[in-house]
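Chains, contacts and geometry: an overview
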Amino acid sequence: MTPELQRMNWMPSPPLAPIDRPLDLEHLSRMTLGDAELEQEVLAMFAEQAVRLLAAMAAMPAETGALAHKLKGSARGIGAFAVADAAASLETAVRTGHGRPHAFAALKDAVTEARAAIAAILKP
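Residues numbered from 1 in each chain as written. Predicted model: local features only at pLDDT ≥ 70, side-chain atom pairs only at ≥ 80, totals over all residues. Heavy atoms only, no water.

1. Describing the pattern of salt bridges
Tallied over the full model, the rule gives two salt bridges. Between Arg-21 and Glu-26 there is a salt bridge whose closest N-O contact spans 3.3 Å. Its relative accessible area of 34% is what places Arg-21 among the partly exposed residues. (Salt bridge = Lys/Arg side-chain N within 4 Å of Asp/Glu carboxyl O. Buried < 20%, exposed > 50% of the residue type's maximum accessible area, 1.4 Å probe, protein only.)

Shown next, in the form of structure tokens:
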């Protein structure tokens, strides 16, 4: 006997081409199932977490790669793909031992842009 097939609703994937803004709001909406209140909550949490993680990475401790990995995952979850890419670059720089200061500076810039976009969304 053939098992009954069930049709699933289509869910689009993240864009293949990079977006030109700090946050992919369509991705965020998909990840929060369109719940605007949840979107605001996760954006606020990400903004705070990003500051804490950057501060923890500033002196390039041994766990910098792991901290960058954590930030990368959080950034991907909210659609901050530029932050995720910069965090991945820092992970690589830590692993190879080349370009750490440049990669960290690029990550700081990406986080600053994302936090500014988040502040604009969350402003009362």
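2. Regarding the environment of Thr-64
Residue position: Thr-64 is located in helix α3 (residues 64-78). In this structure the C-alpha to C-alpha distance between Thr-64 and Leu-53, which are eleven residues apart in sequence, comes to 9.0 Å. The contacts of Thr-64, once residues within four sequence positions are left out, are Met-57, Leu-90 and Val-94. (Helix = DSSP H or I, 4+ residues; strand = E, 2+ residues; numbered from the N terminus. Contact = heavy atoms within 4.5 Å.)

3. Details of the packing of helix α2 (residues 36-57) against α3
The contact between α2 and α3 brings their axes to 10 Å, and the two run at 160°. One finds that α2 runs roughly antiparallel with respect to α3. Considering the relative orientation of α2 and α3, their crossing is left-handed. Facing Val-42, Leu-43, Phe-46, Gln-49, Ala-50, Leu-53, Ala-56 and Met-57 of α2, the residues of α3 in contact are Thr-64, Leu-67, Ala-68, Lys-70, Leu-71, Ser-74, Ala-75 and Ile-78. Per-class residue counts for the contact of α2 with α3 are twelve nonpolar, three polar and one charged. (Axes fitted to C-alpha atoms, helices over the stretch in contact; angles between N-to-C directions. Parallel < 35°, antiparallel > 145°, perpendicular 65-115°, else oblique. Left-handed = near helix turned anticlockwise from the far one by under 90°. Nonpolar A, V, L, I, M, F, W, Y, C, P; charged D, E, K, R; others polar.)

4. With respect to unusual backbone geometry
Phi at Leu-33 takes a positive value of approximately 55°, unusual for a residue other than glycine. With respect to the helices and strands, the residue Leu-33 is situated in the loop between α1 (25-31) and α2. Notably, Met-60 is not glycine yet its phi reads approximately 55°, a positive angle. By the secondary structure assignment, Met-60 is in the loop between α2 and α3.

5. Observations regarding helix α5 (residues 100-122)
In this model, α5 (23 residues) spans 32 Å end to end at C-alpha, consistent with the 33 Å of a helix rising 1.5 Å per residue. Of all the positions in α5, only Ala-103, Phe-104, Leu-107, Ala-110, Val-111, Ala-114, Ala-117 and Ile-118 are classed as buried. For α5, the secondary structure elements touched by its buried residues are α2, α3 and α4 (81-96). (Expected span 1.5 Å × (residues − 1).)

6. Things to note about the side chain of Thr-32
By the secondary structure assignment, Thr-32 is in the loop between α1 and α2. Overall, the relative accessible area of 6% leaves Thr-32 in the buried class. Within the structure, Thr-32 has its side chain in polar contact with the side chain of Glu-39 (distance 3.4 Å). Not counting residues up to four positions away in its chain, the partners in contact with Thr-32 are Leu-38, Glu-39 and Val-42. (Polar contact = N/O pair within 3.5 Å; in protein donor to acceptor, adjacent residues only side chain to side chain.)

So, to be careful, I would describe these as geometric facts and stop short of saying anything about function.
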